[in-house]
Structure formats: structure tokens, C-alpha cells
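Results of the structural survey
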Amino acid sequence: MSARAGRAGEPHEAQVIPISRARAGHGPAGSGGDGTDTPGGPPDGAPGGTSGGTPGQGRDEGHGEGHGDPWTGDGRDDDRLAAFLAFLRRRLTGQYEVDEFGFDPELTDKVLLELIRPLYRHWFRVETVGIENVPGDCGALIVANHSGTIPVDALMLQVALHDDHPDRRPVRLLGADLVYQLPLLGHLSRKTGHTLACRQDADRLLRKGELVGVFPEGFKGVGKPFSERYRLQRFGRGGFVASAIRAGVPIVPCAIVGAEEIYPKIGDLRLLARALGLPYLPVTPLFPWLGPLGLVPLPSKWMIGFGEPIRTDEYDPADADDPMLVFNLTDHVREVIQQQLDELRLRRGHAFPPFF
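Residues numbered from 1 in each chain as written. Predicted model: local features only at pLDDT ≥ 70, side-chain atom pairs only at ≥ 80, totals over all residues. Heavy atoms only, no water.

In the annotation of an unreviewed UniProt entry, the chain is listed under the name Lysophospholipid acyltransferase family protein and assigned to Planomonospora corallina.

Listed below in C-alpha cells is the structure:
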């Protein structure tokens, strides 16, 4: 994911408030980003609901209210089987809804995100902080740092917003061209609500009131070496800011701590990566030395923090074409996220606390 654009002007100074009290997360996951400045938001007819709790609570008790089982509200075997058979019948007969971008809410919640939830709750033990800063009833642009060698952070962000937000908001992430050049990955990305990182899709989603997610660092962030962990890379030309201004939606800065440690990148097989058409091919302490076992992410402790929204509705939509204004606001968002990262790292402490 990423961001583009650039304009001038002095944006108002949005204050960075200290990160609020953390909540524990329960839920689903999302997708990664490249290096093109744009966002992605929630789908039509997306499920609503609640989550909650404090760090460490409710992790082994289902996914939230009325969400304890992927197929039914109670846990009886006969009801579970009936719900599963009904799900299969709907899939086989085509009685399910997909929006114009290919987003399939039912498949995402009941199957794809369900596969990722154990990572979120038990392996990374993700805690969310300040999730009440994410609007529940309008469009918004989530702007986050990107890291981890493999974009697992995008999936964890999607789980956090779907399962921990009071309105269980799906997030529409914008992905790099590379994602959609791979047949299976591109198809699954569309099914989970992601779309190509481009101005047209970002603008359309935001104007529909969707929650759009973008990683402006793109491959520069997700593929940076371990020695540069938690140092934000360049945010591109600010296309995500221009999209937010055109739609008049708030920008919610998001800091993700924990992804940097799952695959510590200590080297890069550049020649092989170029031959395979990849932006990089990482060398980590475990990969490629241990083969497939080296692809198992390390169980670092994660925290995802959402800062106070930065308003854009005070600008005229035509201001999105002002390069100086867009550049200044982009730089401000980057500074806010860097400050959040520093605060969250101190709050989290050691990346690998006692796991059991």
C-alpha cells in the first residue's frame, strides 16, 4: 500500500494526544501494501457488532458478543452443522453478495479472517489502543506504518478494526500492482475487500463512506532492514492526503508495533529477487537456512494504536490540487505516526516477553 500526490499550504496543527488505554483484540485480518499513495475502506452491508475488553481478556472466549463460533451464536453441534451446511448451500448456489470491487463480506468473516484470528489473538497477542478514534459511521482514511518483510501487519490491522471496533468496521486496503499480478493472491485480496492502489478506487471508496487503509511507505517500509526498524521511510508524494481532502474525510494516524520483529531482515538476495520480479528477497536469521520452517513468524508482542483524527473537511476539495498544502499535511501525518511509534514501543517494552 502506499500513498501519492503533493500540495502546498500550512495545515492546521492537529495535536497528538497521548495514546489512550489499550484494549485487547479478538479478530479478523486484512492485506498488505506497496508504495503508491492511496487508501482503502469498509464494504457495503458489512457486519456490525461489538467487541471489547481490556488487554488479555476474552481472548479464549470467542471473538466477541454473538461471535463465539464462526457459524452460529451458540456452540451446539447440531446448530453449528446446520449453519455450516446453509453456508455451503449459499456458496454453491451463488446466493451471496459481492460488491463492485469484488468484496465478499460473508466469505471474509466466516472463512478467511477466521483462519487469521489465531495469529492475532494467540501468537502475536495484539492489543489495540485508541480504537475509539476510528469513526464508526462515516468514511475515514487509516494511514499506518508498514514493516515486517512480509505484509502481515496489513492482515492484523484488518482483524483489529473488524473485531475490536465497536462497529466492527471492515477496512478496504489498497494494494500494490504485484499483489494483483499473482492469480490466487489477487483473487483472495479482492474477496477480502482490498483493491488496487489508485486514485480512482480510493476516492470512490471514501465517498461511499468506507474505511480505507493505506501504507504510504510501500515496499520501502515493509522491506527495510532490521537495523532501520521503527524509522519511518519516505511517504511518497501524498496521494492519500489528496484523496482524503477530495472526500472531506478525517485521516486517522495508525502506529503498528511488533511487525518489525517477526522476520528480522539482515540481508537481501538482490539478483535472485530481480530474476523473480520481486522488490526484494529477504535473508533472515531463519530463512532460507531452515527452509519452510524459516517462514514461521517469530511470536513478537504487538500493539496497534490509533491517534486522534486529523480533519480535512475544513479544506476545499480543490485544495487537493495544491502541491504545497498536500506535502505539508503529508509530512505532518508522518511526524504524528513516528511519535506514536516511539510512545507505543516504550509502552510495549520487550518484543518477546514470556510467551507461555
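A few points about the side chain of Glu 106
Put simply, the test is: Only DSSP runs of H or I with at least four residues qualify as helices, and only runs of E with at least two residues qualify as strands; both kinds are numbered from the N terminus onward. Every residue pair with non-hydrogen atoms within 4.5 Å of one another is taken to be in contact.
Here Glu 106 lies in helix H2 (residues 105–123). Excluding anything up to four places from it in sequence, Glu 106 contacts Phe 87, Arg 90, Arg 91, Tyr 96 and Val 111.

A word on the packing of aromatic side chains
Note the following rule: Note on aromatic pairs: the rings of Phe, Tyr and Trp (six-membered ring only in Trp) are paired at centre separations within 6.5 Å, and the planes decide the class, stacked below 30 degrees, edge-to-face beyond 60, tilted for the rest. Burial status follows relative accessibility: with a 1.4 Å probe on protein chains alone, a residue under 20% of its type maximum counts as buried, one over 50% as exposed, and anything between as partly exposed.
Counted by the stated rule, this structure contains 2 aromatic pairs. Aromatic side chains Phe 124 and Trp 302 sit 4.7 Å apart centroid to centroid with 25° between the ring planes, which places their arrangement in the stacked category. Note that Phe 124 is positioned in the loop between H2 and strand S4 (127–129) and Trp 302 in the loop between strand S11 (282–283) and strand S12 (303–306), a separation of 178 residues in sequence. Across the pair, Trp 302 and Phe 124 agree in class, each one buried. Measuring from ring centre to ring centre gives 6.0 Å for Phe 235 and Phe 240, while their planes differ by 75°; the resulting arrangement is edge-to-face. A relative accessible area of 0% places Phe 240 in the buried class.

Some thoughts on the pairing of strand S9 (residues 251–257)
What counts is decided by this rule: Here, any two strands with at least 2 DSSP bridges between them count as paired.
With respect to burial, S9 is a largely interior element, 7 of its 7 residues being buried. Residues of S9 alternate between two faces, with Ile 251, Pro 253, Ala 255 and Val 257 on one and Val 252, Cys 254 and Ile 256 on the opposite face, all of them buried. Judged from the 4 bridges that link them, strand S5 (residues 140–144) and S9 form a sheet pairing that is parallel. Along S9, the bridge assignment pairs Ala 144 with Cys 254. Bridging between S9 and S12 involves 4 bridges; their strand directions are antiparallel.

As for the packing of H2 against helix H3 (residues 152–164)
What counts, and what does not: Interaxial angles span 0 to 180 degrees and are taken between N-to-C directions of axes, which are lines fitted to C-alpha atoms, for helices over the stretch in contact. For classification purposes, angles smaller than 35 degrees are called roughly parallel, those larger than 145 roughly antiparallel, those between 65 and 115 roughly perpendicular, and all remaining angles oblique. In this count, Pro and Cys sit with the nonpolar residues alongside Ala, Val, Leu, Ile, Met, Phe, Trp and Tyr, while Asp, Glu, Lys and Arg are called charged and the others, Gly among them, polar.
Where H2 meets H3, the axes come as close as 10 Å, and the angle between the chain directions of the two elements is 110°. With respect to H3, the element H2 is oriented roughly perpendicular. Along its contact with H2, which presents Thr 108, Asp 109, Leu 113, Ile 116, Arg 117, Leu 119 and Tyr 120, the element H3 presents Leu 155, Met 156, Gln 158, Val 159, Ala 160, His 162, Asp 163 and Asp 164. The residue makeup of the contact of H2 with H3, split by class, is 8 nonpolar, 3 polar and 4 charged.

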